[in-house]
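Read off the chains here:
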Amino acid sequence: QGRLRLMAFARAPERTAPNRIPVITYAGAMNRTLQGETLKVLASAVTELNAEGTRVHLHIYTPWEFAPEANAIAVPHAVFYKGQVGREQLTDIYRKSDFLATTVTYRDQHISLFRHSLSTKLSEYLCMGKPVISMGHHDWHLHEYVQEHGCGFSIPMDGNFSRAAIKKQLQGILATDPAVLADIGRRNRRLWERAH
């Protein structure tokens, strides 16, 4: 029911200008053996990119029970734990973001229940008309869905992932032409209206 309220609130999302420093937003749980471990990898890559001169912010919205994990990966001027917010606030947060990220485990022993699933946040992200970044196990069905429908960008991983390779992928994502990103956003909104 909460998700339906969010969708009703976002029936006609307003376009927002890109941020001076791009914002990647993650909203959801941070279970260590599902989303959390991969989110930590994303946070470390974002932190290193900022230290190397590529400006990007990662904003994390997660329930209070995950606050210790979120605060542990927060880094000034790079990774921010923004707390837990209501769905109406999330709508504005999504609007003001440049990318919306969703993660899953990258470990073989933890992917079995999620291999063929889509992210629970996908409908919300598509509704807001923003590019999606999927990150996690290389055999996660969401990567295939994102690529097939042109929803955004995928960062497939396995247990031997390279942080340098992830940073390079993120740099490519951040360098995408704003007109292309706007097209992806419009396509995502149409996909949500048609299929979600």
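Everything below is about the structure shown above.
Source: prediction; values computed, not measured. (Residues numbered from 1 in each chain as written. Predicted model: local features only at pLDDT ≥ 70, side-chain atom pairs only at ≥ 80, totals over all residues. Heavy atoms only, no water.)

(A) Highlighting the packing of aromatic side chains. Enumeration according to the criterion identifies three aromatic pairs in this entry. Measuring from centroid to centroid gives 5.3 Å for Tyr94 and Tyr125, while their planes differ by 85 degrees, and the two rings are edge-to-face. A residue pair is termed long-range when its members are at least 10 positions apart, and Tyr94 in helix H4 (residues 87-95) and Tyr125 in helix H6 (residues 122-127) qualify at 31 residues. Residue Tyr94 shares its accessibility class with Tyr125, and that shared class is buried. (Phe/Tyr/Trp six-rings, centres within 6.5 Å; stacked < 30°, edge-to-face > 60°. Helix = DSSP H or I, 4+ residues; strand = E, 2+ residues; numbered from the N terminus. Buried < 20%, exposed > 50% of the residue type's maximum accessible area, 1.4 Å probe, protein only.)

(B) Molecular detail of the sheet that holds strand S2 (residues 57-61). Overall, parallel pairing links the six strands, which are arranged S3-S2-S1-S4-S5-S6 in an open sheet. Taken across any chain shown, the strands that pair with only one partner, and hence form the sheet edges, are strand S3 (79-83) and strand S6 (152-157). Shown here is a sheet whose adjacent strand axes are inclined to one another by a mean of 25 degrees, direction ignored. (Pairing = 2+ DSSP bridges. Axes fitted to C-alpha atoms, helices over the stretch in contact; angles between N-to-C directions.)

(C) Structural view of the side chain of His57. Secondary-structure assignment places His57 in strand S2. Taking relative accessible area as the criterion, His57 reaches 14% and is therefore assigned buried. At 3.4 Å, the side chain of His57 forms a polar contact with the backbone oxygen of His77. Those residues within four positions of His57 in sequence are excluded, and the remaining contacts are Ile21, Pro22, Val23, Ile24, His77, Ala78 and Phe80. (Polar contact = N/O pair within 3.5 Å; in protein donor to acceptor, adjacent residues only side chain to side chain. Contact = heavy atoms within 4.5 Å.)

(D) Inspection of the environment of Ser112 at higher detail. You can see Ser112 is positioned in the loop between helix H5 (108-111) and H6. Given a relative accessible area of 52%, Ser112 falls into the exposed group. Considering only alpha carbons, one finds Ser112 and Asp139, 27 residues apart in sequence, at a separation of 9.8 Å.

Scope: geometric values only; no functional claims are made or implied.
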